[in-house]
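Single-letter residue listing:
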Amino acid sequence: MQFPFKRLAVAGLIAVSAAAFAADPIKIGVDGPFTGGSSSMGVSMRDGVRLATDEINKAGGVLGRQIQLVERDDEAKNERGVQIAQEFINKEKVVAVVGYINTGVALASQRFFQEAKIPVLNNVATGSVITHQFDKEPENYIFRNAAHDSIQAPMIVEEAVGRRGYKKVAILADSTNYGQLGREDLEKALKAKGITPVAVEKFNIKDVDMTAQLLKAKEAGAEAILTYGIGPELAQIANGMTKLGWKVPMIGSWTLAMANFIDNAGPGGDGARMPQTFIQEPTTPKRKAFIDNFVKTFKPKNNRMDSPVSAAQGYDSIYLLAAAIKQANSTEGPKIKAALEDLSTPVEGVVTTYNKPFSKTDHDAITSNIPVFGEVKAGRVVFANADDQKSADKVRVKQ
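Residues numbered from 1 in each chain as written. Predicted model: local features only at pLDDT ≥ 70, side-chain atom pairs only at ≥ 80, totals over all residues. Heavy atoms only, no water.

An unreviewed UniProt entry lists the chain under the name Branched-chain amino acid transport system substrate-binding protein, with Variovorax ginsengisoli as the source organism. The heading Sequence similarities (unreviewed entry) in the UniProt record of the chain holds the text "Belongs to the leucine-binding protein family." (UniProt positions renumbered as here; feature names shortened; annotations may be inferred.)

Right, dumping it as structure tokens:
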């Protein structure tokens, strides 16, 4: 009688082990700056990712398994991003990664995932080269659902030169990869309009005095300042103009929407304009539900997301990844990548509805028709143009 009992017990243990194995969570790495000057973007992105993950898990997860986020603070440092990449691959065994706020950190870290055949979905970093870093390789594991700088720079130039008629513009860009690659894109877009900037000035992260750069722009007769940087330093540009008693429009990349620009610049930041894929207004039922859930869950100050674009794109990135894992019926990197390149079912996000967002040769989900201009007004970002506000209930989709 003992032998059959033992056989049954062993069989039972095997069944339990198999069930436990089948129910192992799907680990997804989340990398961003959760402290420091870029943190308003990083934390907003992370919160958007958490919100989507919670919704998916409550609905049963993916492939009958829960998503488990493995979050790490890269502090906006390239070397820290590299350490995290190796930890994600070798210790945590993540099946995919979302995040990256800073272009430099993305470029330094992505090669490890490329070698390990683990998909990366950049949900905030905008350097144009990010999704093209491995174009010469047979397979590319790097994707993005943010508006890259080759979209934003021409928009900025069109707003300054085309719509508002400025002929003399100055560029102020930070010294990071993000700032300098963005500066190059701005100069290229200006050249296409036959315009050479009257001043091109650089500043460093944590600089607090922009007087020298602003004086050069002023003396050169600049009618507008075009910017590529992040919140704290952008605020110093606005504050510097206030000190000089010189006010010209600031038109720059999407980061002019960061809370630490808006709050630190105060009234001096009002009127700043920037491309946005998402503005915190309940223009569709999907967006309203997202905003309401975000505010209820994370209770941001004054019910204002620190970085609405980062939150929205973070949220969407998880739904895109979940759709790919479901379609692949696998957590193997090459199969997830192949599914992302040929998603068969549209994914309704808050930025857009993603219908075939990626292909083998196109790993950018956002096209130039999707972003609109936002404007800082009384401590918030609102639609800059009345026509965009009126049509905001119509979801713009990839062309």
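Novice: Break down the pattern of salt bridges for me, citing the residues and quoting the values.
Specialist: Summed over all chains, the structure comprises 26 salt bridges. Salt-bridge contacts for D47 lead to R46; the nearest nitrogen and oxygen are separated by 3.8 Å. According to the relative accessible area criterion, R46 is buried, its value standing at 17%. If you follow the salt bridges from partner to partner, you end up with E159, R163, R164, R273 and E375 in one network. (Salt bridge = Lys/Arg side-chain N within 4 Å of Asp/Glu carboxyl O. Buried < 20%, exposed > 50% of the residue type's maximum accessible area, 1.4 Å probe, protein only.)

Novice: Tell me what's going on with helix α6 (residues 177-192), and back it up with residues and numbers.
Specialist: With 16 residues, α6 ought to run about 22 Å at 1.5 Å a step, and its terminal C-alpha atoms sit 23 Å apart, in line with that. Listed in full, the buried residues belonging to α6 are Y178, G179, Q180, G182, R183, D185, L186, A189 and L190. Lining the buried residues of α6 we find α4 (103-116), α5 (149-163), β6 (169-174), β7 (199-203) and β8 (224-228). Looking one or two residues past α6, G194 carries a phi angle of roughly 75°, positive in sign. (Helix = DSSP H or I, 4+ residues; strand = E, 2+ residues; numbered from the N terminus. Expected span 1.5 Å × (residues − 1). Contact = heavy atoms within 4.5 Å.)

Novice: Hey, could you go over the sheet that holds strand β5 (residues 142-144) for me, with residue numbers and the actual values?
Specialist: Strand order across the open sheet formed by five strands is β2-β1-β3-β4-β5, with parallel pairing between neighbours. A strand with exactly one partner marks an edge of an open sheet, and here the two such strands are β2 (67-73) and β5. Within this sheet the neighbouring strands show an average axis-to-axis angle of 25°, counted without direction. Judged from the three bridges that link them, strand β4 (residues 120-122) and β5 form a sheet pairing that is parallel. Within the sheet, the bridge partner assigned to L121 lies in β5 and is F143. (Pairing = 2+ DSSP bridges. Axes fitted to C-alpha atoms, helices over the stretch in contact; angles between N-to-C directions.)

Novice: Now, about the packing of aromatic side chains: what can you tell me, with residues and values included?
Specialist: Applying the stated rule across the entire model yields seven aromatic pairs. Joined through ring pairs, the aromatic side chains of F278, F290, F294, F298, Y315 and Y319 make up one cluster. A cation over a ring is seen here: R46 above F34, with NZ or CZ 4.7 Å from the ring centre. The ring centre of Y141 lies 5.7 Å from the NZ or CZ of K337, which sits over that ring. (Phe/Tyr/Trp six-rings, centres within 6.5 Å; stacked < 30°, edge-to-face > 60°. Lys NZ or Arg CZ within 6 Å of the ring centre and 35° of its normal.)

Novice: Any details on the side chain of Q180? Residues and values, ideally.
Specialist: Along the polypeptide, Q180 turns up in helix α6. With relative accessibility at 18%, the residue Q180 sits in the buried group.

Novice: Go over the pairing of strand β10 (residues 273-276), please, and point to the residues and values.
Specialist: The two faces of β10 match: R273 and P275 on one face and M274 and Q276 on the other face are all buried. By the bridge criterion, four bridges tie β10 to strand β13 (residues 372-377) in an arrangement that is antiparallel. Its bridge partner being in β13, P275 is matched across the sheet by F373.

Novice: Describe helix α11 (residues 308-328), listing the residues and the values that go with them.
Specialist: For α11, with 21 residues, the first-to-last C-alpha span of 30 Å sits near the 30 Å given by 1.5 Å per residue. At the C-terminal side of α11, N329 shows a positive phi close to 55°.

Novice: So what about the side chain of D74? Which residues, and what values?
Specialist: With respect to the helices and strands, D74 occurs in the loop between β2 and α3 (78-92). Here D74 is buried and forms no salt bridge, its nearest opposite-charge partner R80 lying at an N-O distance of 7.6 Å. Contacts of D74, omitting those with residues within four sequence positions, involve D31, G32, P33, R80, G81, I84, Y100, N102 and V105. (Lys, Arg positive; Asp, Glu negative; His and termini not counted.)

Novice: Just give me the short version of the confidence of the model for the chain, but keep the residues and values in it.
Specialist: Within the chain, residue pLDDT values average 95, and 94% of them lie at 70 or more. The model gives residues 13-21 a pLDDT under 50, and that stretch makes zero contacts with residues more than four places away or in other chains. (pLDDT = per-residue confidence, 0-100.)

Novice: Could you give an account of the nonpolar core, with specific residues and numbers?
Specialist: Among the nonpolar cores identified, the biggest contains 75 residues, and I28, L226, F290 and I318 are the most heavily contacted of them. Here the element with the most residues in this core is α11; it accounts for eleven residues. The contacts of I318, once residues within four sequence positions are left out, are I28, V49, A52, T53, I56, I67, L69 and V98. The next biggest cluster of nonpolar side chains, apart from the first, holds 30 residues, and it includes A235, A265, I279 and V372. (Core = buried A, V, L, I, M, F, W, Y, C linked by side-chain atoms within 4.5 Å.)

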